[in-house]
Amino acid sequence: MTAVAIVSVVALLAPLSVRVLRLPVPAIVLEILLGVIVGPQVLGWVHMDAALVVLSTIGLSFLLLLAGLEIDVRHLRGPLLRRASGAFVVSFALAVAVGVGLGMLGLAQSPVLIAVILSATGLGIILPVLKDAGIVETRAGQVIVAGASIAEVVPIVLLSLLFSEDPSVGVGAKLTLLAAFLGFAGVVIAVVLGLERARTVCRTLLDLQDTTAEIRVRGTVALLLVFASLASAFGLESILGAFLAGAALTLLDRDDDMTHTQLYTKLHAVGFGVFIPFFFVATGVSLDVRALMDHGSSLVKIPLFVVALLVVRALPAILYRPLLGSGRDVLAAGLLQATSLSIPLVAGGIGVELGLLQPANYAALVAAGLLSVVIFPRLAVLLLERSAKESAPPDHSP
(Lines give C-alpha, C1' and ligand atoms only; values in the text may rest on other atoms or scores of the structure.)
Protein backbone atom coordinates (compact mmCIF):
# COMPACT_ATOMS: atom_id res chain seq x y z
CA MET A 1 0.00 0.00 0.00
CA THR A 2 1.18 3.52 -0.72
CA ALA A 3 1.69 6.10 2.00
CA VAL A 4 -1.45 7.98 0.94
CA ALA A 5 -3.58 4.82 1.10
CA ILE A 6 -2.30 3.92 4.57
CA VAL A 7 -2.88 7.44 5.86
CA SER A 8 -6.42 7.43 4.46
CA VAL A 9 -7.14 4.18 6.33
CA VAL A 10 -5.69 5.67 9.53
CA ALA A 11 -7.88 8.77 9.05
CA LEU A 12 -10.91 6.47 8.75
CA LEU A 13 -10.07 4.33 11.79
CA ALA A 14 -9.27 7.22 14.17
CA PRO A 15 -12.79 8.66 14.67
CA LEU A 16 -14.34 5.18 14.53
CA SER A 17 -12.01 4.02 17.30
CA VAL A 18 -12.80 7.06 19.43
CA ARG A 19 -16.54 6.40 19.16
CA VAL A 20 -16.60 2.60 19.35
CA LEU A 21 -14.00 2.29 22.11
CA ARG A 22 -15.28 5.43 23.86
CA LEU A 23 -11.78 6.82 24.13
CA PRO A 24 -11.54 10.04 26.18
CA VAL A 25 -9.60 11.88 23.46
CA PRO A 26 -10.58 13.92 20.37
CA ALA A 27 -10.14 12.18 17.02
CA ILE A 28 -7.37 14.59 15.96
CA VAL A 29 -5.26 13.47 18.91
CA LEU A 30 -5.61 9.84 17.88
CA GLU A 31 -4.82 10.75 14.26
CA ILE A 32 -1.48 12.24 15.31
CA LEU A 33 -0.68 9.30 17.60
CA LEU A 34 -1.52 6.75 14.89
CA GLY A 35 0.63 8.77 12.49
CA VAL A 36 3.54 8.32 14.88
CA ILE A 37 2.87 4.56 15.03
CA VAL A 38 2.68 3.95 11.26
CA GLY A 39 5.52 6.40 10.60
CA PRO A 40 9.28 5.77 10.55
CA GLN A 41 9.51 6.17 14.34
CA VAL A 42 7.69 2.87 15.05
CA LEU A 43 6.37 0.58 12.30
CA GLY A 44 7.97 2.35 9.34
CA TRP A 45 4.99 1.78 7.05
CA VAL A 46 4.69 5.43 5.99
CA HIS A 47 7.31 7.98 4.98
CA MET A 48 6.67 11.53 3.81
CA ASP A 49 6.57 11.31 0.01
CA ALA A 50 5.62 14.07 -2.45
CA ALA A 51 1.94 13.10 -2.63
CA LEU A 52 1.56 13.04 1.15
CA VAL A 53 3.30 16.40 1.48
CA VAL A 54 0.88 17.98 -1.03
CA LEU A 55 -2.21 16.53 0.67
CA SER A 56 -0.90 17.57 4.09
CA THR A 57 -0.33 21.12 2.83
CA ILE A 58 -3.86 21.30 1.43
CA GLY A 59 -5.17 19.94 4.73
CA LEU A 60 -3.34 22.65 6.67
CA SER A 61 -4.75 25.30 4.33
CA PHE A 62 -8.28 23.97 4.84
CA LEU A 63 -7.78 23.88 8.60
CA LEU A 64 -6.81 27.55 8.64
CA LEU A 65 -9.61 28.43 6.20
CA LEU A 66 -12.18 26.89 8.56
CA ALA A 67 -10.50 28.61 11.52
CA GLY A 68 -10.93 31.93 9.72
CA LEU A 69 -14.60 31.12 9.19
CA GLU A 70 -15.06 30.94 12.94
CA ILE A 71 -14.09 34.59 13.46
CA ASP A 72 -17.28 36.50 14.25
CA VAL A 73 -16.73 40.26 14.28
CA ARG A 74 -20.03 40.71 16.13
CA HIS A 75 -18.27 39.45 19.27
CA LEU A 76 -15.36 41.87 18.85
CA ARG A 77 -16.67 45.25 19.91
CA GLY A 78 -17.08 47.55 22.92
CA PRO A 79 -15.96 46.53 26.42
CA LEU A 80 -15.60 42.92 25.29
CA LEU A 81 -13.06 43.88 22.62
CA ARG A 82 -11.13 46.06 25.05
CA ARG A 83 -10.98 43.34 27.70
CA ALA A 84 -10.05 40.62 25.20
CA SER A 85 -7.35 42.80 23.61
CA GLY A 86 -5.94 43.79 26.99
CA ALA A 87 -5.86 40.17 28.11
CA PHE A 88 -3.96 39.19 24.97
CA VAL A 89 -1.41 41.97 25.47
CA VAL A 90 -0.78 40.69 28.99
CA SER A 91 -0.68 37.13 27.66
CA PHE A 92 1.92 37.98 25.01
CA ALA A 93 4.06 39.86 27.54
CA LEU A 94 3.99 36.77 29.75
CA ALA A 95 4.80 34.61 26.72
CA VAL A 96 7.87 36.69 25.92
CA ALA A 97 9.02 36.46 29.54
CA VAL A 98 8.53 32.68 29.52
CA GLY A 99 10.31 32.44 26.17
CA VAL A 100 13.29 34.38 27.54
CA GLY A 101 13.32 32.14 30.61
CA LEU A 102 13.27 29.00 28.45
CA GLY A 103 16.05 30.51 26.35
CA MET A 104 18.19 31.03 29.43
CA LEU A 105 17.62 27.36 30.30
CA GLY A 106 18.74 26.38 26.82
CA LEU A 107 15.28 25.14 25.83
CA ALA A 108 14.53 27.78 23.20
CA GLN A 109 16.74 29.29 20.53
CA SER A 110 14.12 31.90 19.65
CA PRO A 111 12.16 33.26 22.64
CA VAL A 112 9.92 35.25 20.29
CA LEU A 113 8.91 32.11 18.36
CA ILE A 114 8.10 30.39 21.65
CA ALA A 115 6.09 33.47 22.66
CA VAL A 116 4.07 33.31 19.44
CA ILE A 117 3.38 29.60 19.99
CA LEU A 118 2.41 29.92 23.65
CA SER A 119 0.16 32.97 23.13
CA ALA A 120 -2.12 31.20 20.65
CA THR A 121 -5.51 29.59 21.29
CA GLY A 122 -7.10 26.89 19.13
CA LEU A 123 -10.40 28.57 18.27
CA GLY A 124 -11.28 25.78 15.84
CA ILE A 125 -10.87 23.27 18.68
CA ILE A 126 -12.72 25.01 21.50
CA LEU A 127 -15.63 26.39 19.45
CA PRO A 128 -17.13 22.94 18.70
CA VAL A 129 -16.77 22.13 22.43
CA LEU A 130 -18.72 25.26 23.35
CA LYS A 131 -21.34 24.58 20.67
CA ASP A 132 -21.89 20.99 21.79
CA ALA A 133 -22.30 22.17 25.39
CA GLY A 134 -24.73 24.93 24.38
CA ILE A 135 -22.47 27.62 25.83
CA VAL A 136 -21.56 29.74 22.77
CA GLU A 137 -24.47 32.18 23.14
CA THR A 138 -23.95 32.69 26.88
CA ARG A 139 -21.99 35.63 28.26
CA ALA A 140 -19.12 33.35 29.19
CA GLY A 141 -19.15 31.80 25.73
CA GLN A 142 -18.99 35.19 24.01
CA VAL A 143 -16.06 36.28 26.18
CA ILE A 144 -14.18 33.05 25.49
CA VAL A 145 -14.80 33.23 21.72
CA ALA A 146 -13.72 36.89 21.59
CA GLY A 147 -10.47 36.18 23.44
CA ALA A 148 -9.77 33.07 21.38
CA SER A 149 -10.43 34.95 18.12
CA ILE A 150 -7.77 37.55 18.90
CA ALA A 151 -5.40 34.82 20.09
CA GLU A 152 -5.85 33.02 16.76
CA VAL A 153 -5.45 36.01 14.44
CA VAL A 154 -2.51 37.83 16.03
CA PRO A 155 -0.13 34.83 16.31
CA ILE A 156 -0.71 33.95 12.65
CA VAL A 157 0.07 37.54 11.62
CA LEU A 158 3.15 37.64 13.86
CA LEU A 159 4.32 34.29 12.54
CA SER A 160 4.04 35.57 8.99
CA LEU A 161 5.81 38.86 9.80
CA LEU A 162 8.64 37.60 11.99
CA PHE A 163 9.43 34.14 10.66
CA SER A 164 9.83 33.25 7.03
CA GLU A 165 12.19 31.34 4.79
CA ASP A 166 13.68 34.61 3.50
CA PRO A 167 15.54 36.23 6.41
CA SER A 168 16.80 39.04 4.16
CA VAL A 169 13.38 40.72 4.27
CA GLY A 170 13.11 42.88 7.40
CA VAL A 171 10.08 43.44 9.59
CA GLY A 172 9.50 46.91 8.13
CA ALA A 173 9.43 45.52 4.62
CA LYS A 174 7.15 42.72 5.79
CA LEU A 175 4.72 45.26 7.27
CA THR A 176 4.66 47.08 3.94
CA LEU A 177 4.06 43.81 2.12
CA LEU A 178 1.34 42.89 4.62
CA ALA A 179 -0.40 46.23 4.08
CA ALA A 180 -0.16 45.76 0.31
CA PHE A 181 -1.51 42.22 0.56
CA LEU A 182 -4.42 43.29 2.77
CA GLY A 183 -5.19 46.15 0.37
CA PHE A 184 -5.17 43.81 -2.60
CA ALA A 185 -7.32 41.30 -0.71
CA GLY A 186 -9.75 44.12 0.12
CA VAL A 187 -10.04 44.96 -3.56
CA VAL A 188 -10.75 41.32 -4.39
CA ILE A 189 -13.45 41.16 -1.69
CA ALA A 190 -15.04 44.41 -2.90
CA VAL A 191 -15.12 43.18 -6.50
CA VAL A 192 -16.65 39.83 -5.52
CA LEU A 193 -19.24 41.57 -3.31
CA GLY A 194 -20.17 43.81 -6.23
CA LEU A 195 -20.56 40.84 -8.54
CA GLU A 196 -22.66 38.95 -5.99
CA ARG A 197 -25.14 41.82 -5.83
CA ALA A 198 -25.68 41.69 -9.57
CA ARG A 199 -29.01 39.96 -10.19
CA THR A 200 -27.67 37.76 -12.99
CA VAL A 201 -24.70 36.56 -10.91
CA CYS A 202 -26.94 35.95 -7.90
CA ARG A 203 -29.34 33.85 -9.95
CA THR A 204 -26.46 31.90 -11.49
CA LEU A 205 -24.98 31.10 -8.07
CA LEU A 206 -28.35 29.92 -6.80
CA ASP A 207 -28.86 27.74 -9.87
CA LEU A 208 -25.42 26.09 -9.63
CA GLN A 209 -24.86 25.82 -5.88
CA ASP A 210 -26.59 22.44 -5.42
CA THR A 211 -25.75 20.89 -8.78
CA THR A 212 -22.64 18.92 -9.69
CA ALA A 213 -21.00 22.30 -10.26
CA GLU A 214 -21.08 23.00 -6.47
CA ILE A 215 -20.19 26.54 -7.47
CA ARG A 216 -19.89 27.95 -3.95
CA VAL A 217 -17.53 25.19 -2.85
CA ARG A 218 -15.43 25.71 -5.98
CA GLY A 219 -15.42 29.44 -5.39
CA THR A 220 -14.24 28.92 -1.81
CA VAL A 221 -11.40 26.64 -2.92
CA ALA A 222 -10.40 29.18 -5.56
CA LEU A 223 -10.46 31.97 -2.96
CA LEU A 224 -8.33 29.83 -0.62
CA LEU A 225 -5.69 29.05 -3.23
CA VAL A 226 -5.62 32.60 -4.61
CA PHE A 227 -5.17 34.17 -1.17
CA ALA A 228 -2.52 31.60 -0.17
CA SER A 229 -0.64 32.16 -3.44
CA LEU A 230 -0.91 35.93 -3.09
CA ALA A 231 0.47 35.80 0.45
CA SER A 232 3.45 33.78 -0.78
CA ALA A 233 3.92 36.17 -3.71
CA PHE A 234 4.02 39.10 -1.26
CA GLY A 235 6.73 37.31 0.74
CA LEU A 236 4.37 36.32 3.57
CA GLU A 237 3.47 32.87 4.91
CA SER A 238 0.80 31.14 2.84
CA ILE A 239 -0.99 30.19 6.09
CA LEU A 240 -1.90 33.87 6.53
CA GLY A 241 -3.59 33.85 3.12
CA ALA A 242 -5.47 30.67 3.97
CA PHE A 243 -6.70 32.11 7.26
CA LEU A 244 -7.76 35.41 5.68
CA ALA A 245 -9.63 33.50 2.96
CA GLY A 246 -11.85 32.05 5.68
CA ALA A 247 -12.32 35.44 7.32
CA ALA A 248 -13.12 36.98 3.92
CA LEU A 249 -15.70 34.30 3.22
CA THR A 250 -17.70 35.40 6.28
CA LEU A 251 -17.95 38.83 4.64
CA LEU A 252 -18.71 37.53 1.17
CA ASP A 253 -21.44 35.15 2.30
CA ARG A 254 -23.17 37.14 5.03
CA ASP A 255 -26.27 38.41 3.21
CA ASP A 256 -29.41 36.41 4.07
CA ASP A 257 -30.55 36.36 0.46
CA MET A 258 -27.17 35.10 -0.73
CA THR A 259 -26.13 32.75 2.06
CA HIS A 260 -26.54 29.08 1.32
CA THR A 261 -27.24 27.37 4.61
CA GLN A 262 -25.41 24.20 3.57
CA LEU A 263 -22.20 25.89 2.41
CA TYR A 264 -20.36 25.66 5.73
CA THR A 265 -21.54 22.08 6.15
CA LYS A 266 -20.12 21.21 2.74
CA LEU A 267 -16.82 22.96 3.50
CA HIS A 268 -16.52 21.09 6.79
CA ALA A 269 -17.24 17.86 4.94
CA VAL A 270 -14.52 18.55 2.37
CA GLY A 271 -12.05 19.81 4.97
CA PHE A 272 -12.50 17.39 7.87
CA GLY A 273 -13.72 14.52 5.71
CA VAL A 274 -10.94 14.60 3.12
CA PHE A 275 -7.92 16.87 3.55
CA ILE A 276 -7.46 17.91 7.20
CA PRO A 277 -6.93 14.34 8.49
CA PHE A 278 -3.97 14.06 6.11
CA PHE A 279 -2.38 17.03 7.86
CA PHE A 280 -2.81 15.58 11.36
CA VAL A 281 -1.71 12.05 10.44
CA ALA A 282 1.24 13.40 8.43
CA THR A 283 2.21 15.50 11.45
CA GLY A 284 2.48 12.32 13.48
CA VAL A 285 4.45 10.64 10.69
CA SER A 286 7.01 13.46 10.57
CA LEU A 287 7.17 14.03 14.34
CA ASP A 288 10.58 13.10 15.75
CA VAL A 289 9.34 11.24 18.82
CA ARG A 290 12.55 9.20 19.00
CA ALA A 291 14.53 12.36 19.73
CA LEU A 292 12.13 13.01 22.60
CA MET A 293 12.33 9.47 23.97
CA ASP A 294 16.10 9.09 23.63
CA HIS A 295 16.70 11.82 26.18
CA GLY A 296 14.91 11.49 29.51
CA SER A 297 15.36 15.20 30.13
CA SER A 298 13.27 15.93 27.03
CA LEU A 299 10.22 14.26 28.58
CA VAL A 300 10.36 16.77 31.43
CA LYS A 301 9.76 19.50 28.87
CA ILE A 302 6.21 18.27 28.22
CA PRO A 303 4.77 19.22 31.65
CA LEU A 304 6.97 22.32 31.54
CA PHE A 305 5.30 23.47 28.32
CA VAL A 306 1.86 22.59 29.72
CA VAL A 307 2.54 24.82 32.72
CA ALA A 308 3.81 27.52 30.36
CA LEU A 309 0.51 27.39 28.43
CA LEU A 310 -1.43 27.79 31.65
CA VAL A 311 0.70 30.71 32.83
CA VAL A 312 0.60 32.51 29.49
CA ARG A 313 -3.01 31.94 28.45
CA ALA A 314 -4.99 30.99 31.58
CA LEU A 315 -3.63 33.59 33.99
CA PRO A 316 -4.72 36.68 31.96
CA ALA A 317 -8.32 35.42 32.10
CA ILE A 318 -8.45 37.16 35.48
CA LEU A 319 -9.06 40.34 33.47
CA TYR A 320 -12.42 38.87 32.40
CA ARG A 321 -13.70 38.86 35.98
CA PRO A 322 -15.77 42.09 35.59
CA LEU A 323 -17.49 40.56 32.55
CA LEU A 324 -18.02 37.08 33.98
CA GLY A 325 -18.36 37.55 37.73
CA SER A 326 -18.13 33.87 38.64
CA GLY A 327 -14.72 32.53 39.56
CA ARG A 328 -15.60 29.22 37.91
CA ASP A 329 -16.34 31.02 34.63
CA VAL A 330 -13.00 32.83 34.82
CA LEU A 331 -11.16 29.56 35.45
CA ALA A 332 -13.04 27.88 32.59
CA ALA A 333 -12.18 30.75 30.25
CA GLY A 334 -8.52 30.42 31.22
CA LEU A 335 -8.48 26.68 30.58
CA LEU A 336 -10.10 27.05 27.16
CA GLN A 337 -7.72 29.87 26.22
CA ALA A 338 -4.81 27.57 27.14
CA THR A 339 -6.11 24.94 24.69
CA SER A 340 -3.91 25.06 21.63
CA LEU A 341 -2.68 22.63 18.99
CA SER A 342 -2.81 24.01 15.44
CA ILE A 343 -0.40 26.92 16.03
CA PRO A 344 2.15 24.77 17.92
CA LEU A 345 2.01 22.34 15.01
CA VAL A 346 2.37 24.99 12.31
CA ALA A 347 4.72 27.43 14.04
CA GLY A 348 6.80 24.63 15.53
CA GLY A 349 7.21 23.07 12.10
CA ILE A 350 8.36 26.40 10.68
CA GLY A 351 10.77 26.76 13.61
CA VAL A 352 12.30 23.34 12.89
CA GLU A 353 12.69 24.20 9.19
CA LEU A 354 14.41 27.50 10.06
CA GLY A 355 16.67 25.85 12.64
CA LEU A 356 15.09 27.84 15.48
CA LEU A 357 13.59 24.85 17.29
CA GLN A 358 15.11 21.47 18.04
CA PRO A 359 13.04 18.46 16.88
CA ALA A 360 12.86 17.14 20.46
CA ASN A 361 11.52 20.49 21.70
CA TYR A 362 9.03 20.55 18.84
CA ALA A 363 7.80 17.07 19.79
CA ALA A 364 7.49 18.18 23.43
CA LEU A 365 5.47 21.25 22.37
CA VAL A 366 3.12 19.12 20.28
CA ALA A 367 2.73 16.66 23.16
CA ALA A 368 1.87 19.57 25.48
CA GLY A 369 -0.68 20.79 22.92
CA LEU A 370 -2.21 17.31 22.74
CA LEU A 371 -2.55 17.22 26.52
CA SER A 372 -4.18 20.66 26.51
CA VAL A 373 -6.74 19.46 23.95
CA VAL A 374 -7.50 16.29 25.92
CA ILE A 375 -7.71 17.81 29.43
CA PHE A 376 -8.53 21.53 29.44
CA PRO A 377 -11.82 21.63 27.47
CA ARG A 378 -13.35 18.82 29.56
CA LEU A 379 -12.52 20.57 32.82
CA ALA A 380 -13.76 23.91 31.45
CA VAL A 381 -17.14 22.51 30.35
CA LEU A 382 -17.64 20.90 33.77
CA LEU A 383 -16.94 24.26 35.45
CA LEU A 384 -19.26 26.17 33.10
CA GLU A 385 -22.08 23.66 33.53
CA ARG A 386 -21.75 23.76 37.32
CA SER A 387 -21.73 27.54 37.27
CA ALA A 388 -24.84 27.61 35.05
CA LYS A 389 -26.68 25.26 37.42
CA GLU A 390 -25.86 27.37 40.45
CA SER A 391 -26.95 30.60 38.75
CA ALA A 392 -30.19 29.13 37.37
CA PRO A 393 -33.39 30.11 39.24
CA PRO A 394 -34.81 27.39 41.49
CA ASP A 395 -37.49 25.15 40.01
CA HIS A 396 -40.70 25.54 42.08
CA SER A 397 -42.86 23.36 39.88
CA PRO A 398 -44.83 20.66 41.73
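Below you will find a few notes about this structure. (Residues numbered from 1 in each chain as written. Predicted model: local features only at pLDDT ≥ 70, side-chain atom pairs only at ≥ 80, totals over all residues. Heavy atoms only, no water.)

Focus: the layout of surface pockets
For step 1, the next point in the chain: Here the largest pocket is characterised by a volume of approximately 1200 Å³.
For step 2, the next point in the chain: Taken together, 36 residues make up the lining of the largest pocket; nearest its centre are P26, A27, I28, I125 and P128.
For step 3, the next point in the chain: Elements with a contribution of two residues or more to the lining of the largest pocket: helix 1 (3-20), helix 2 (27-38), helix 3 (50-69), helix 6 (123-132), helix 12 (263-286) and helix 18 (359-391).
For step 4, the next point in the chain: The dominant element in the lining of the largest pocket, judged by the number of residues it contributes, is helix 6, at 6 residues.
For step 5, the next point in the chain: Its residues assigned to classes, the lining of the largest pocket comprises 24 nonpolar, 4 polar and 8 charged. (1 Å grid on protein atoms, 1.4 Å probe; cavity = no way out; pocket = protein on both sides within 12 Å on 5 of 7 lines; lining within 4 Å. Points joined across faces, edges and corners; volume = space filled by probe spheres on them. Helix = DSSP H or I, 4+ residues; strand = E, 2+ residues; numbered from the N terminus. Nonpolar A, V, L, I, M, F, W, Y, C, P; charged D, E, K, R; others polar.)

Some details on the nonpolar core
The tendency in soluble globular proteins is for nonpolar side chains to be buried side by side.
For step 1, the next point in the chain: Counting residues in hydrophobic clusters, the biggest one holds 112 residues, and the most contacted among them are L159, F280 and L341.
For step 2, the next point in the chain: At 14 residues, the largest contribution of residues to this core is made by helix 18.
For step 3, the next point in the chain: Excluding anything up to four places from it in sequence, L159 contacts L113, V116, E237, I239, V346, A347 and I350. (Core = buried A, V, L, I, M, F, W, Y, C linked by side-chain atoms within 4.5 Å. Buried < 20%, exposed > 50% of the residue type's maximum accessible area, 1.4 Å probe, protein only. Contact = heavy atoms within 4.5 Å.)

With respect to the packing of helix 5 (residues 111-118) against helix 7 (residues 139-162)
For step 1, the next point in the chain: For the pair helix 5 and helix 7, the least separation of the axes is 9 Å and the interaxial angle reads 155°. In terms of orientation, helix 5 and helix 7 fall into the roughly antiparallel class. When the axes of helix 5 and helix 7 are compared, the crossing they make is left-handed. Of helix 7, the residues touching helix 5 (which contributes V112, L113 and V116) are P155, L158, L159 and L162.
For step 2, the next point in the chain: Grouping the constituent residues of the contact of helix 5 with helix 7 by class yields 7 nonpolar, no polar and no charged. (Axes fitted to C-alpha atoms, helices over the stretch in contact; angles between N-to-C directions. Parallel < 35°, antiparallel > 145°, perpendicular 65-115°, else oblique. Left-handed = near helix turned anticlockwise from the far one by under 90°.)

Examining the packing of aromatic side chains
Any pair of aromatic rings gets described here by the distance separating the centres and the angle formed by the planes.
For step 1, the next point in the chain: A complete count under the given rule lists 3 aromatic pairs for this structure.
For step 2, the next point in the chain: A ring pair is formed by F62 and F275, whose centres lie 5.7 Å apart and whose planes are at 15°; its orientation type is stacked. Pair noted here: F62 is in helix 3 and F275 is in helix 12, with a separation of 213 residues, a long-range link. (Phe/Tyr/Trp six-rings, centres within 6.5 Å; stacked < 30°, edge-to-face > 60°.)

Notes on the side chain of S56
For step 1, the next point in the chain: Mapped onto the elements of the fold, S56 is located in helix 3.
For step 2, the next point in the chain: On the basis of relative accessibility, which here comes to 12%, the residue S56 falls in the buried class.
For step 3, the next point in the chain: Apart from residues lying up to four places away in sequence, S56 is in contact with F278, F279 and A282.

Quick notes on the pattern of salt bridges
For step 1, the next point in the chain: Using the criterion set out here, one finds 1 salt bridge in the structure.
For step 2, the next point in the chain: For K266, the salt bridge identified is with E214, shortest N-O distance 2.8 Å. Separated by 52 residues along the polypeptide, K266 in helix 12 and E214 in the loop between helix 9 (199-208) and helix 10 (215-233) bring together distant segments of the chain. (Salt bridge = Lys/Arg side-chain N within 4 Å of Asp/Glu carboxyl O.)

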